[in-house]
Amino acid sequence: MDSSYDIVVIGSGPGGYVAAIKGSQGGKKVAIVEKSELGGICLNWGCIPTKALLKSAEVAHYLKHAADYGLNVKDVSIDYPKIMSRSRDVAKQNSNGVQFLMKKNKIDVIQGAAKLVAKGLIEVTDAQGGRKNIQAGNVILATGASPRMFPQYPIDGSNFITYRHALDLKDQPKKLLIIGAGAIGVEFAYYFNTLGTEVHLVEMLPQILPVEDEEIAKTLLASFKKQGINCYTATKVGEVKAVKPGVIEAKLLDAANKEIALTVDRVLVAVGMVPNTKDLGLEQVGVKLDDRGFIKVDAFQETSVKGIFAIGDVAGKQLLAHKASAEGEVAVSKILGHAKHGLDYGLIPGCTYCQPQVASVGLTEKACKEKNIAVKIGRFPFSASGKARAIGHTEGMVKLIFGAKFGELLGAHIIGSEATEMLAELGLAMKLESTYEEIMHSVHAHPTLSEAVMEAAMDSQGQSVHI
Amino acid sequence: MPTSMLMPSLSPTMEEGVLAKWLVKEGDFIKPGMMLCSVETDKTTVDYESMDEGFLRKIIIPGGSPAKVNQLIAILSEEKEEDISAYLEKAMKKNEEQLAAKSAPKAASAPAATSNGSGPARATYAPAPPVRTATAVAAPAPAAVVAAGGRVKASPLARRMAEDAGITLDGMAGSGPNGRIVKYDVENYKPLAAAPSAAPVKGKSEGPVQRPLYGSLAPILPTQDIALNMMRKTIGKRLLESSQGTPEFFVTMKVDMGAVNGLRSQLNRAPGYKVSVNDIVTKATAFALREFPTVNSAYYGDFIRQNGNIDICVAVSIEGGLITPIVRDADQKGLGQISSEIKSLVAKAKAGKLAPEEYQGGTFTISNLGMYGVDEFTAIINPPQAAILAVGGISQEVYLDGGVAKQKDVMKLTMTSDHRVVDGALAAQFLSALKSLLENPVWLML
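The numbering scheme is per chain: residues are counted from 1 as the chain's sequence reads. Here the convention is simple: chains get letters from A, ligands get numbers from 1, in the order in which they are written. Two thresholds apply to this predicted model, a pLDDT of at least 70 for residue-level local features and 80 or more for giving and counting side-chain atom pairs, whereas whole-chain, interface and lining totals are computed over all residues. The basis for every side-chain value is the complete set of non-hydrogen atoms in the structure, without hydrogens or water.

What follows covers the overall build of chain A. Each helix and strand in chain A was counted, giving 15 helices and 22 strands. Among the 467 residues that make up chain A, the fraction classed as buried is 51%. Note on definitions: a residue-residue contact is assigned when non-hydrogen atoms from the two residues lie within 4.5 Å. A separation threshold of at least 6 residues defines the contact pool for chain A, and within that pool the share at least 24 residues apart is 62%. Where helices and strands are cited, they refer to DSSP runs of H or I of at least four residues and of E of at least two residues respectively, numbered from the N terminus. Relative accessible area decides the class of each residue, using a 1.4 Å probe on protein chains only: under 20% of the type maximum gives buried, over 50% gives exposed, and in between gives partly exposed.

This is the structure in structure tokens:
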């Protein structure tokens, strides 16, 4: 035995490192095992570096429209490698930040791949093949997920790429086919299109951002089309073949079974994620998976084996960083013996950082219908907001869904330039079980985009002032 | 700088409370979250937690005294030795002005204003040593409806749902942070059984499959931690105090119930009456208490109050706990009246609709487990009362009558007494008087 801990966290993404810190704050001796970079996908290859790229795209967008603001800008050109290196630098800084947090919280960072050998016993193999055993009173599995692979799209990092390659491309694609219009596909579609790539975005389901409210997704679709993105919804991808490096022929089948032929120089595959459950020794210790391959957990994230917890992507449900962190807190509070409630998955916000941004929490209008919940809906378009007009972002709206009987906030959907920042008050409102009254009677500062939230609440009662 | 500490409003209907006991003393350093004092509200006794920090410099309202909501109860200061005299003078003056302003309009509009309150009612309701005054008795409050803006912590949705369902949030256990009542709590709130004659609970049988209670097919029962509601907390606290802090002793006596049974069957032939054994025991106890007023007393630490009126608490089991509604002046009332009052009190108790006046105060308690097949048991004194009577069931016993075996109906009575008030011989004499009354129930007609 080399060392023993109260809690060993496997994986240092936003689920894992938050769980480790919470455990340490709770007075436990904690170690975190990471086989790659601290911070996991989120910090290194996901949330954060993509936001850096998207900011570059937004700046490009502003420059393109600088004349609208009375500024003449000449000779704008794109330094693609610089955009990439900025994004990598941001990721690196964040990863260092986690390193600092681990040190500050006296958490041992163990580099290597972890495997459960027995309950409470973990074998860590480092990059050089060196092995060591660590003992764990409790184990938290936070190993994340990886892009789903399809034999018809052989990922090679040049013709066929995933988000991960897209974050480290040396050159900008000229014509890009993006398969899948979830958050990842949509964000890259906006990013590449804004930088001048011809983008074709294909989604099998009838709407882009399939998990979002239909009306919001339609608004985004209209905006994307206006921005020049070729969007194909309810469209299947037929044969996709690299006829030679950098020349890929793709056939799409639209809803009417009409064939659309495209030639692109790259294909970005963004269709689903699969949990990272391999080589963890799960079967050996008896940790069970659900029928979709995610680790089965109870309301407090405990797996079928007592003392082994799973959080984040590997435990299924929404594959979101903040959901992982929140589950990490739940698991640790259970270990510390003061867990009261599991996570309420109806209160996990979702954000997409294209422009206009899309942000939501709670039920969509369609979901309310399916659940037979009578609702009152309030909307407020940013075109009626003074602030939106002043900053030149009048696209989008706030849509709030309230229960008809008690007036409680059931769902909040925002599309607009700062949607993701505006959502927070609605998450809080839902958590506090607020009704339209608390929202409409909270005085919102003028002029702000957030006034639209108050107005939408008013509108649900037919009392909006500015529409 | 000194600051004022005010009487908190601990329930939506609370207008006044009794500051039962200080848990800190002058000079103590108070931190947020520390228990400061116990406050008896119209519903229950609550420990009041500090939200402030500072040195407790002066206690204005001593333990055992009543105070209105927001009345000045103590002065805090930031520094231990700080001079607070100027502040104290100002605060006292302001306090007096407020009290004067409060009581003036109240008196003018009394009938309307008290409809939601726990009027002062009879002095014996409060355990503190008050003086009997001639204040008008307030109309019994209707079951408190959700008081918007009260200090019950509840989400806006929970408030609306409760209002819609006609449930009061007061006393409901909240599962949110710091006991905040949320949607889940209202949805899962089980109203107290509507009628005392409720059929065996079918509550959970909504599912299609009725699973057996026993045997290998029975579902495995989950282990669960159940949060204490207000009632359980109160029961726990009061009875623990009682059993730990009272020198108790028990005296049991067997009563021949033949005569009571005979009387009951005769009484119940009267149309519209159904007098129970418990009704007769209540009446007989009231008579016995008249004979032994020492038993009808309360212990207050530095004095014993011998109560002039005989108000008998009858323990009623309700969902989630128990409550002891009161038959007032039981010695003055006929069996018919006692019987119908107990019936109505029990129904109200089970529906959770007892007004505070109906369960606060009382001078003696009767607990009857006879209907559950209990032969005899001991009960814990309901403080500050001096004694409690535990009534067992009626069973048959063989006895010899001139060498011939005969059968008689007997019932066992066990009295728990507080030895600080009632001595052994007195308890025996009291039970003996009660036995005589029950064996000669015709005396109850006097």
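A few words on the interface of chain B and chain A. Accessible area lost upon the coming together of the parts is a frequently used measure of interface size. Between chain B and chain A, the contact holds 12 residues from the first and 12 residues from the second. Approximately 980 Å² of surface area, both sides summed, lies buried where chain B meets chain A, with 53% of it carried by carbon and sulfur atoms. Of all residues in chain B, Pro-156, Leu-157 and Arg-160 of chain B bury the most surface against chain A, accounting for 54% of the area lost on that side. By definition, a salt bridge exists where a carboxyl oxygen of Asp or Glu is found within 4 Å of a side-chain nitrogen of Lys or Arg. On inspection of chain B and its partner chain A, the count reaches two salt bridges. Polar contacts, as used here, are pairs of N or O atoms within 3.5 Å; protein pairs need one atom able to donate a hydrogen and one able to accept it. Residues neighboring in sequence count only if both atoms are side-chain atoms. Inspection of the region where chain B meets chain A yields eight residue pairs in polar contact (both at pLDDT 80 or more). Those elements giving two or more residues to the side of chain B that touches chain A turn out to be helix H3 (156-165) and helix H4 (183-187) of chain B. The element that contributes the greatest number of residues to the side of chain B that touches chain A is H3 of chain B, accounting for six residues. Buried area: the accessible surface (1.4 Å probe) lost by two parts on joining, summed over both.

Let us now look at the sheet that holds strand S20 (residues 375-381) of chain A. Residue and element names in this part refer to chain A. Read across the sheet, five strands follow the order S18-S19-S22-S21-S20 without closing on themselves; strand pairing throughout is antiparallel. The open sheet terminates on both sides in strands that have one partner only, identified here as strand S18 (350-352) and S20. Strand-to-strand twist of the sheet, defined as the mean angle between neighbouring strand axes without regard to direction, takes the value 10°. Here seven bridges tie S20 to strand S21 (residues 397-403), and the two strands are oriented antiparallel to one another. Strand pairing is assigned whenever DSSP detects at least two bridges linking the two strands. Convention adopted: a line fitted to C-alpha atoms gives each axis, helices being fitted over their contacting stretch, and angles between N-to-C directions are expressed from 0 to 180 degrees.

Turning to helix H15 (residues 451-460) of chain A, a few remarks are in order. Residues and elements named next belong to chain A. For H15, the tally of buried residues reaches nine of 10 residues, placing the bulk of the element in the interior. Those residues of H15 that sit buried are Glu-451, Ala-452, Val-453, Met-454, Glu-455, Ala-456, Ala-457, Met-458 and Ser-460. Looking at the packing, one finds that the buried side of H15 touches S20, S21, strand S22 (409-416), helix H12 (419-422), helix H13 (424-431) and helix H14 (436-440). Two residues or fewer after H15 comes Gly-462, characterised by a positive phi angle close to 70°.

Turning to the pairing of strand S14 (residues 259-264) of chain A, a few remarks are in order. Residue and element names in this part refer to chain A. Burial along S14 is one-sided: Ile-260, Leu-262 and Val-264 are buried, while Glu-259, Ala-261 and Thr-263, pointing the other way, are not. Across six bridges, the pairing between strand S13 (residues 247-253) and S14 is antiparallel. In the sheet register, Ile-248 faces S14, and the bridge partner there is Val-264. Remark: five residues form the turn of the hairpin made by S13 and S14, two consecutive strands paired antiparallel; Asn-257 in that turn has positive phi of roughly 65°.

Residues and elements named next belong to chain B. Read across the open sheet, the six strands follow the order S9-S18-S17-S16-S12-S15; overall the sheet is mixed. Edge positions in the sheet fall to strand S9 (248-256) and strand S15 (326-327), since each has one partner strand and no second. Pairing analysis gives nine bridges linking S9 to strand S18 (residues 404-418), with the strands arranged antiparallel. Bridge pairing in S18 places Asp-256 opposite Val-410.

All names here are of chain A. Burial analysis of strand S9 (residues 175-179) places four of its five residues in the buried class, the great majority of the element. Examined bridge by bridge, S9 and strand S10 (residues 198-202) share five bridges and lie parallel to one another. Paired with Ile-178 across the two strands is Leu-201, which belongs to S10. Every crossover in which the path from the first strand over the helix to the second runs clockwise, viewed with the strands pointing away from the viewer, is termed right-handed. Read as a crossover between parallel neighbours, the route from S9 over helix H6 (residues 183-194) to S10 is right-handed. Summarising the sheet, S9 and strand S15 (residues 266-269) pair through four bridges and their orientation is parallel. Paired with Ile-179 across the bridge in S15 is Val-269.

Buried residues of nine kinds, namely Ala, Val, Leu, Ile, Met, Phe, Trp, Tyr and Cys, make up a nonpolar core once their side-chain atoms join them within 4.5 Å. Counting residues in each nonpolar core, the largest one holds 54 residues, and the members touching the most others are Leu-389, Phe-430 and Leu-438 of chain B. Not counting chain neighbours up to four residues away, the residues in contact with Leu-438 of chain B comprise Val-255, Asp-256, Ala-259, Val-260, Ile-280, Val-281, Ala-284, Met-411 and Leu-413 of chain B. Counting residues in each nonpolar core, the second largest holds 40 residues, with Leu-176, Ile-178, Cys-354 and Val-358 of chain A among its members.

Another aspect to go through is the packing of aromatic side chains. Any aromatic ring pair is given by two values, namely how distant the centres are and how the planes are angled relative to each other. Only rings of Phe, Tyr and Trp enter the pairing, Trp through its six-membered ring, and a pair is recorded when the two centres are within 6.5 Å. The plane angle decides the type: under 30 degrees is stacked, over 60 is edge-to-face, the rest tilted. Counted according to the given criterion, the structure contains 11 aromatic pairs over all chains. Consider the rings of Phe-402 of chain A and Tyr-436 of chain A, whose centres lie 6.0 Å apart with planes at 85°: the pair is edge-to-face. Here Phe-402 of chain A is found in strand S21, whereas its partner Tyr-436 of chain A is found in helix H14, with 34 residues between them in sequence. Both residues of the pair, Phe-402 of chain A and Tyr-436 of chain A, belong to the buried class. Among the aromatic residues, those joined into a ring-pair cluster are Phe-150, Tyr-153 and Phe-160 of chain A. When the NZ atom of lysine or the CZ atom of arginine is within 6 Å of a ring's centre and also within 35 degrees of its normal, the charge is said to sit over that ring. Here Lys-408 of chain B stacks its cationic end above the ring of Tyr-399 of chain B, 5.1 Å away from the centre of that ring.

It is worth spelling out the packing of H6 of chain A against helix H7 (residues 214-227) of chain A at this point. All names here are of chain A. Two numbers describe how H6 lies on H7: the axes approach to 11 Å, and their chain directions differ by 25°. It follows from the interaxial angle that H6 and H7 lie roughly parallel. Relative to H7, H6 is oriented so that their crossing is left-handed. In contact with Val-186, Ala-189, Tyr-190 and Asn-193 of H6, H7 contributes Leu-220, Phe-224 and Gln-227. Ten residues, namely Ala, Val, Leu, Ile, Met, Phe, Trp, Tyr, Cys and Pro, are considered nonpolar, four, namely Asp, Glu, Lys and Arg, are considered charged, and the remaining ones, Gly among them, are considered polar. Classifying every residue of the contact of H6 with H7 by side-chain character gives five nonpolar, two polar and no charged. Working rule for angles: under 35 degrees goes down as roughly parallel, over 145 as roughly antiparallel, 65 to 115 as roughly perpendicular, anything else as oblique. Throughout, a crossing is termed right-handed when the near helix is turned clockwise from the far one, and left-handed when it is turned anticlockwise from it by less than a right angle.

The subject of this paragraph is the pattern of salt bridges. Counted according to the given criterion, the structure contains 25 salt bridges over all chains. With a closest N to O distance of 3.7 Å, Arg-379 of chain A and Glu-365 of chain A form a salt bridge. Taken together, the positions of Arg-379 of chain A in strand S20 and Glu-365 of chain A in helix H10 (residues 365-370) put the pair 14 residues apart, joining distant regions of the chain. For Arg-379 of chain A, a relative accessible area of 27% corresponds to the partly exposed category. Residue classification places Glu-365 of chain A among the partly exposed residues on the basis of a relative accessible area of 22%. One salt bridge connects Glu-397 of chain B with Lys-254 of chain B, and the closest N-O pair in it is separated by 2.9 Å.

This part is about the environment of Ser-3 of chain A. Residue and element names in this part refer to chain A. Counting through the fold element by element, Ser-3 comes out in strand S1 (residues 3-10). Since its relative accessible area comes to 17%, Ser-3 is described here as buried. Along the primary structure Ser-3 and Gln-135 are separated by 132 residues, whereas in three dimensions their C-alpha atoms are 6.2 Å apart. The residues contacting Ser-3, other than those within four sequence positions of it, are Lys-132, Asn-133, Ile-134 and Gln-135.

Take the side chain of Asn-105 of chain A next. Residues and elements named next belong to chain A. Along the chain, Asn-105 turns up in the loop between helix H4 (80-104) and strand S3 (108-111). Classification of Asn-105 by relative accessible area gives buried; the value is 12%. Those residues in contact with Asn-105, other than ones at most four positions away along the chain, are Ile-21, Ser-24 and Gln-25.

Any functional reading would require information beyond the geometric quantities listed.
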